[in-house]
Amino acid sequence: MTEYYTPTRVLFGKGAETKLGQTLKKDGYKRALLHFGGKSAVESGLLARIEKDLKENGIDIIKVGGVVPNPRVTKVREAIEKAKEHESEIIIALGGGSVIDSAKAIAYGLFNQEGDIWDYYLGERKVKGAFPLAVILTLSATGSEMSASSVISNDEGPGYKRGLNSEWGRPKYAFLNPELTYSVSRYQTASGSADIMMHTLERFFHSGDGLMLTDDLSVALLKTVMTYTPIALTDPTNYDARANLMWAGALSHNGLMNMGADSRGDWACHQMEHELSAKFDVAHGAGLTAIWSSWARYVFPSIEERLYILGKKLFSLEGEKEKVARETIDQMEKFFLSIEMPIRINGLGIDLTEDDISDLSFGATFHRKRTIGDSFKLGEKEISDIYRLARS
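Presented here is an overview of the structure given in this document. A quick note: this is a predicted structure, and the numbers were derived from the prediction, not measured.

1. Focus on the overall build of the chain
- Along the chain, the regular secondary structure elements total 15 helices and 8 strands.
- The globule rule puts the C-alpha radius of gyration for 392 residues at 21 Å, and the 20 Å found for the chain is close to it.
- C-alpha atoms of the chain, sized along the principal axes, occupy 65 × 45 × 40 Å.
- Buried residues in the chain amount to 58% of all 392 residues.
- Relative to all contacts within the chain whose residues are 6 or more apart in sequence, the contacts with residues 24 or more apart total 78%.
- About 16,000 Å² of surface is accessible on the chain, with carbon and sulfur atoms providing 50% of the total.
- Separation between the mean location of the 47 positive side-chain charges and that of the 53 negative ones in the chain comes to 3 Å.

This is the structure we're talking about:
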């Protein structure tokens, strides 16, 4: 059985962020923590505009900035304490996936005050709720603006990166203005698009039965990203391209692409990439493309049928099943390369050693406490094999 739960109120289009203050005021909020990243929010003037809007609507704010890619638990702890002192009633995330994930952790920490916030990401404690969260999105990538997921890193420990999935973590509001993504760099645009595609692909490669309609929706989403990413790279201020990518990002990770499937999808590539980006601090989407095709070739017998379906629907490939399935992997690699995303780990500038592989594989299994994957269960040995295949 699958469940589709979408409590997020979405305001989409030009000027969507200008409705933030009046929306929160109407719903009775008076005190907010404004959470953001680095200098881009300041230099673009967006932060100042949001502050002005909130103040004009009678909402008192406290600011906590400085969120970095692969957001850190130390920043989350800092923000939790400041929000408590301020008596904030709602968290506002201004930024991309890293800011939103950090804001979700803050929202969890404010509601669940037993133990440390990292305990909840380790699974040692269970969240029982979260403070409300409003999102102003500035990067199309993670889908965190509508998803139940968040991922943060422990910068005080051995570099672990852990995710927390809870329906409590879905934002209450998402203000989506594609114009706010015009200034996103070429590399981050491509990496974000890769992330959107991988959220869809992880769900597509599920075990058991599924629905043809969901397959077709997934293929339509992939086609959309593959059509509009090159346009956004060539013409960064093309509204249609940015709008299609922004909405694709939200739909890729809000649960819609999983409906009717016997499982929630594979997710092995995500688990392996989490270890990679925790250790080497790489961009998430780029880390995923560096692993995906090696994973697909390693587990090929288990996903041949799904690759065959994908190849026919997405690339209009014809022929016998194995040939089409293998060509599908090749076509995905060609697309990733066409948007300057790596298809091997050395393309990230990383010379992966055997010691690195041992550390990464040990971490991916949560210190030999789990296997990963759905299409094919991967233990420490299999994960190591895939890292080696993906190395260069």
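Next, the rest of the story.
2. Description of the packing of aromatic side chains
- The full count for this structure, using the stated rule, is 9 aromatic pairs.
- Where Phe205 meets Trp292, the ring centres are 6.4 Å apart and the plane angle is 45°; that geometry is what we call tilted. Of the two residues, Phe205 sits in the loop between α7 (186–204) and α8 (212–234) while Trp292 sits in helix α11 (residues 284–298), which places them 87 residues apart along the sequence. Each of the two residues, Phe205 as well as Trp292, counts as buried.

3. Focus on the environment of Leu314
- By the secondary structure assignment, Leu314 is in helix α12 (residues 300–315).
- Linking Leu314 and Thr328, residues 14 residues apart in sequence, is a C-alpha distance of 8.7 Å.
- Among all residues touching Leu314, those that are not within four sequence positions of it are Val219, Leu222, Lys223, Met226 and Met332.

4. Remarks on the side chain of Glu202
- Within the secondary structure, Glu202 sits in helix α7.
- No salt bridge is formed by the buried Glu202; its nearest oppositely charged neighbour, Arg264, is found at 8.3 Å.
- Among the polar contacts listed, one links the side chain of Glu202 to the backbone nitrogen of Trp267, at a separation of 2.8 Å.
- Non-local contacts of Glu202, meaning those with residues more than four positions away in its chain, are made with Gly265, Asp266, Trp267, Ala268, Cys269 and His270.

5. Structural notes on the pattern of salt bridges
- With the rule as written, the count across this model stands at 28 salt bridges.
- Residue Arg72 is joined to Asp281 by a salt bridge in which the shortest nitrogen-to-oxygen separation is 3.7 Å. Separated by 209 residues along the polypeptide, Arg72 in the loop between β3 (60–64) and α4 (73–86) and Asp281 in the loop between α10 (268–280) and α11 bring together distant segments of the chain.
- Close ionic contact of Glu305 with Lys321 constitutes a salt bridge, the shortest N to O distance being 2.5 Å. Of the two residues, Glu305 is situated in helix α12 and Lys321 in helix α13 (residues 321–338); the sequence distance between them amounts to 16 residues.
- In the salt-bridge network here, residues are joined through shared partners; they are Glu354, Lys381, Asp385, Arg388 and Arg391.

6. Some thoughts on the pairing of strand β6 (residues 149–153)
- Burial analysis of β6 places 5 of its 5 residues in the buried class, the great majority of the element.
- Covered by surrounding structure in β6 are Ser149, Val151 and Ser153 together with Ser150 and Ile152, the residues of both alternating faces.
- Both β6 and strand β7 (residues 161–165) contribute to a ladder of 5 bridges, which runs antiparallel. Bridge pairing in β7 links Val151 to Gly163.

7. Comments concerning the packing of α11 against helix α15 (residues 380–391)
- Orientation of α11 relative to α15, taken along the N-to-C sense of each, is 120°, at an axis distance of 8 Å. Between α11 and α15, the interaxial angle falls into the category oblique. The two elements α11 and α15 cross, and the hand of that crossing is right-handed. Packed against α11, whose contacting residues are Ala290, Ile291, Ser294, Trp295 and Tyr298, the element α15 presents Lys381, Glu382, Asp385, Ile386, Tyr387, Leu389 and Ala390 at the interface.

8. Observations regarding helix α14 (residues 354–364)
- For α14, the complete set of buried residues consists of Asp356, Ile357, Leu360, Ser361, Gly363 and Ala364. One face of α14 carries all of its buried residues, which in axial projection span an arc of 160°.

9. Examining the packing of α7 against α8
- For the pair α7 and α8, interaxial distance at closest approach is 10 Å and the crossing angle is 170°. Taken together, the axes of α7 and α8 lie roughly antiparallel to each other. Counting all contacts with α7, which are made through Arg186, Thr189, Ala190, Ser193, Ile196, Met197, Thr200, Leu201 and Phe204, the residues of α8 involved are Asp215, Ser218, Leu221, Leu222, Val225, Met226, Thr229, Ala232 and Leu233.

10. Observations regarding the side chain of Glu273
- With respect to the secondary-structure elements, Glu273 resides in helix α10.
- No salt bridge is formed by the buried Glu273, whose closest oppositely charged neighbour, Lys161, lies at an N-O distance of 4.1 Å.
- Within polar-contact distance, the side chain of Glu273 engages the side chain of His284 at 2.5 Å.
- When near neighbours in sequence (up to four residues on either side) are disregarded, Glu273 contacts Lys161, Val282, Ala283, His284, Gly287, Leu288 and Ile291.

What counts as what
- Residues numbered from 1 in each chain as written.
- Predicted model: local features only at pLDDT ≥ 70, side-chain atom pairs only at ≥ 80, totals over all residues.
- Heavy atoms only, no water.
- Helix = DSSP H or I, 4+ residues; strand = E, 2+ residues; numbered from the N terminus.
- Rg over C-alpha atoms; globule rule 2.2 N^0.38 Å.
- Buried < 20%, exposed > 50% of the residue type's maximum accessible area, 1.4 Å probe, protein only.
- Contact = heavy atoms within 4.5 Å.
- Areas by Shrake-Rupley, 256 points an atom, 1.4 Å probe, with all protein chains shown as cover.
- Lys, Arg positive; Asp, Glu negative; His and termini not counted.
- Charge placed at Lys NZ, Arg CZ, Asp CG, Glu CD.
- Phe/Tyr/Trp six-rings, centres within 6.5 Å; stacked < 30°, edge-to-face > 60°.
- Salt bridge = Lys/Arg side-chain N within 4 Å of Asp/Glu carboxyl O.
- Polar contact = N/O pair within 3.5 Å; in protein donor to acceptor, adjacent residues only side chain to side chain.
- Pairing = 2+ DSSP bridges.
- Axes fitted to C-alpha atoms, helices over the stretch in contact; angles between N-to-C directions.
- Parallel < 35°, antiparallel > 145°, perpendicular 65-115°, else oblique.
- Left-handed = near helix turned anticlockwise from the far one by under 90°.
- Arc of directions from axis to C-beta.

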